[in-house]
Amino acid sequence: MEDDSNMQTDHERWMEMALRQAERAFEEEEVPVGAVVIKDGRVIGKGYNQNEQLKDPTAHAEIIAITAAANTLGDKRLDDCTLYVTLEPCAMCAGAIVLARIPVLVFGAYDAKAGACGTLMNIVEDKRLNHSVHVIPGVLDDKSTALLKSFFGALR
């Protein structure tokens, strides 16, 4: 069994990588959300919000990272993977997480307006669905929140 302190260190390390993706979004004037998919200790997919750039409402960080991971594995199922994302996923992304069969979701900041992994609803842990996800919320939430506040503050 793994030591929880080491697990937290690993979660923080991967979340830092997701934050770097979010910073890329910020630099491209996108809402700064980043995501990485990890399997067996390596990154198999990463992404950041690109809604404005791609003119695509589905171009969320999670969707881009999940698609990249599925392409890397050559499989639509992301068994034994962990998704790290800087902001609690919305309903669309939560649905994609369930459909991809991702067993573990780690997120940073809670999303009071669109969070679908515990805040407004909880799609990923809904027992009525054929797959549920173990959720670890609040990892480096202070950094995720600060980045989002900085972005939205600059818009005002």
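Sequence order sets the numbering: in each chain, residues are counted from 1 along the sequence as written. The predicted nature of this model means local features are confined to residues of pLDDT at least 70 and side-chain atom pairs, given and counted, to a pLDDT of 80 or more, with totals for whole chains, interfaces and linings taken over all residues. Heavy atoms from the whole structure form the basis of all side-chain values; hydrogens and water molecules are not counted.

Student: Can you tell me about the sheet that holds strand β2 (residues 42-48), naming the residues and giving the values?
Tutor: Hydrogen bonds between backbone groups are what pair the strands of a sheet, and the pairing can be parallel or antiparallel. Paired strands, in this sense, are two strands between which DSSP finds at least two bridges. Strands here are runs of E lasting at least two residues and helices are runs of H or I lasting at least four, both read from the DSSP assignment and numbered beginning at the N terminus. Pairing is mixed in the open sheet, where five strands are placed in the order β2-β1-β3-β4-β5. Of all strands in the sheet, those with a lone pairing partner are β2 and β5 (134-136), marking the two edges. The sheet shows a mean angle of 20° between the axes of neighbouring strands, direction not considered. As defined by bridge partners, strand β3 (residues 81-87) adjoins strand β4 (residues 104-109) across five bridges and the pair is classed as parallel. If you follow Y84 over to β4, its bridge partner there is V106. Its contacts with the sheet place helix α5 (residues 141-155) against β3 and β4, and it is angled at close to 55° to β4. Each axis is a line fitted through C-alpha atoms, and for a helix only the stretch in contact is used; angles between axes span 0 to 180 degrees, taken between their N-to-C directions. Residues are treated as being in contact if the distance between any of their heavy atoms lies within 4.5 Å.

Student: An account of the side chain of N51 is requested, with residue identities and associated values reported.
Tutor: Mapped onto the fold, N51 is located in helix α2 (residues 51-54). Once residues within four sequence positions are removed from consideration, N51 is found in contact with E30, D56, P57, T58, A59 and H60.

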